[in-house]
Amino acid sequence: MFSVADLMITSLETISVYTMAGVPWFVMDELQDTTIANTQEKEDLTGKAGRKLGSLKRNKAVTISGTNGLISAGLLEAQTGGTFTAKTSTPVSWSETLTISSDEAVTSYKAVGTAGAEIEALYIKNSDGRATTKLEQDSTAASGKFAYAPATKKLTFLADAYDDGTEILVFYTRNIAGDVLTNESDKYSGKGRMVIDAFAEDKCSNVFRVQIEIPKADFSGDFDLAFGDSQTVHAFEAESLASAGCGKNGYLWNYTVFGADAEDAA
Amino acid sequence: MPKVKKICKACGKEYEACHTPNPNQVFRWFDVACSRECAAEYLRRVEEARNHQAANDEIKE
């Protein structure tokens, strides 16, 4: 008699992904939902008057899809084929509104770039807040021109050209230390071994763990990151490939049920 | 890359330059001037002005 319990999944815990070389890659632990979609094609074999004699089954396929409540850095790597790099210095674009005082203003951060052209654009705002007059950076302040000293972050304007309190809009590039993932146009989504862990209960309230292993999950490069007035979630989709283990294993997934407090087996 | 019209910061002449990213933030003459010579002259002026400014700031301190 079949002895495996019928279960209610009570909690989807984590999805852990390992590289195909077996190195832990990333873990998604704020999963909202996950679906394992299983399909196969069937062609009826028919006889006299179209009666069914049998069937020809083929093309089994498994697609795993889900949604993580947080943007997962590892999942981004899997979906883009890129790798996060911890950079001690990398440029970011910056813009800010500053106020002129005594013919000077100070940028919040040090603008970088070609010497003498570190400030990409500077506009004088008029009384209704619109950025109207564009000034050019030069070696010294003059009519229609301003100077910038990166060492002191000081912008200098022509003496008495602008009243104290005049607002300016400044665009520049600054360097920061940060982690950078580049989505290269000629690199594609990757593969990994996926392990889905969940808690389950049977009708008698016995607690089990369920582990579903996908030996070779081929991540899709189709994904959206939607930013707006609702939560940004990170959805993913992957197909199980039956070629893990270099052709020795032809399975699409393993479903393992064990007691939540199960001891080690010999 | 799009070409943009710029004004040479040294001689004031209009010139055309390719707008390309500069991720390594090296000094590129075509970002500021119409020729290498003009760029060298502009860079000299910038350095002179910044050194002068730095000296003034030191005196103020």
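Definitions and cut-offs
Residues numbered from 1 in each chain as written. Chains lettered and ligands numbered in written order. Predicted model: local features only at pLDDT ≥ 70, side-chain atom pairs only at ≥ 80, totals over all residues. Helix = DSSP H or I, 4+ residues; strand = E, 2+ residues; numbered from the N terminus. Contact = placed C-beta atoms within 7 Å. Rg over C-alpha atoms; globule rule 2.2 N^0.38 Å. Buried ≥ 20, exposed ≤ 12 C-beta atoms within 10 Å, placed from the backbone. Pairing = 2+ DSSP bridges. Axes fitted to C-alpha atoms, helices over the stretch in contact; angles between N-to-C directions. Domains from an automatic or database assignment. Expected span 1.5 Å × (residues − 1). pLDDT = per-residue confidence, 0-100.

Before going further, it helps to spend a moment on the overall build of chain B. Check the secondary structure of chain B and you find two helices and two strands. Starting at the N terminus and ending at the C terminus, chain B contains elements arranged as β-β-α-α. With the C-alpha coordinates of chain B rotated into their principal frame, the extents come out at 45 × 25 × 15 Å. In chain B, once contacts between residues fewer than 6 apart in sequence are set aside, the share between residues at least 24 apart is 24%.

On to the overall build of chain A, then. On a plain count of helices and strands, chain A comes out with one helix and 15 strands. For 266 residues, the compact-globule estimate of 2.2 N^0.38 gives 18 Å, and chain A exceeds it by more than 25% at 30 Å. Dimensions of chain A, computed from the C-alpha atoms along their principal axes, are close to 95 × 55 × 40 Å. Considering chain A as a whole, with its 266 residues, one finds that 20% of them fall into the buried category. Here the analysis covers contacts within chain A between residues at least 6 apart in sequence; of these, 68% occur between residues at least 24 apart.

Turning our eyes to something else, we now look at the sheet that holds strand β7 (residues 119-125) of chain A. Residues and elements named next belong to chain A. Taken in spatial order, the seven strands make up an open sheet running β5-β11-β7-β8-β9-β10-β6, and their pairing is mixed. Either end of the sheet is taken by a strand with one partner, and the two such strands are β5 (85-99) and β6 (104-106). The sheet shows a mean angle of 30° between the axes of neighbouring strands, taken without regard to direction. Relative to strand β11 (residues 167-180), β5 is paired through 13 bridges, and the arrangement is antiparallel. Within β11, the position partnered with Pro91 by the bridge is Asn175.

Residues and elements named next belong to chain A. Among all positions of helix α1 (residues 73-80), only Leu75, Glu77, Ala78 and Gln79 are buried. Contact partners of the buried residues in α1: β1 (8-18), β2 (24-28), β4 (52-68), β12 (191-201), β13 (207-219) and β14 (234-240). Once α1 ends, the next one or two residues include Gly81, with phi positive near 80°.

Each domain of chain A was delimited in the assignment, giving domain 1 (8-42 + 56-84 + 182-259) and domain 2 (88-180). The distance between the C-alpha centroids of domain 1 of chain A and domain 2 of chain A comes to 48 Å.

A word on the pairing of β7 of chain A. The side chains of a regular strand alternate, residue by residue, between the two faces of the sheet. Residue and element names in this part refer to chain A. Taken together, the five bridges between β7 and β11 define a ladder with antiparallel strand orientation. Its bridge partner being in β11, Tyr123 is matched across the sheet by Leu169. Where β7 folds back onto strand β8 (residues 131-137) in an antiparallel hairpin, the turn is made up of five residues, including Gly129, whose phi is positive at roughly 90°.

Let's shift gears to helix α2 (residues 36-60) of chain B. Given a rise of 1.5 Å per residue, 25 residues ought to cover 36 Å, and the 36 Å separating the end C-alpha atoms of α2 of chain B matches this to within 8%. Taken residue by residue, α2 of chain B has Ala39, Tyr42, Leu43, Val46 and Arg50 of chain B as its buried positions.

Residue and element names in this part refer to chain A. On the secondary structure map, Tyr109 appears in the loop between β6 and β7. C-alpha of Tyr109 to C-alpha of Leu252: the two residues are 143 residues apart in sequence and 53 Å apart in space. Ignoring anything within four residues of it in the chain, the contact list for Tyr109 reads Trp94 and Arg174.

Another point: the confidence of the model for chain B. On average, residues of chain B carry a pLDDT of 88, and 97% of them reach 70 or more. The ipTM value of the predicted complex is 0.84, and its pTM value is 0.85.

Moving on: unusual backbone geometry. All names here are of chain A. Its identity as a non-glycine residue notwithstanding, Ala49 has a phi of 60°, on the positive side. Tracing the sequence through the fold places Ala49 in the loop between β3 (31-46) and β4. The backbone of Lys153 shows a phi angle near 65°, a positive value even though the residue is not glycine. You can see Lys153 is positioned in the loop between β9 (145-149) and β10 (154-157). Take Lys153: there are 15 C-beta atoms within 10 Å of it, and that puts it in the partly exposed class.

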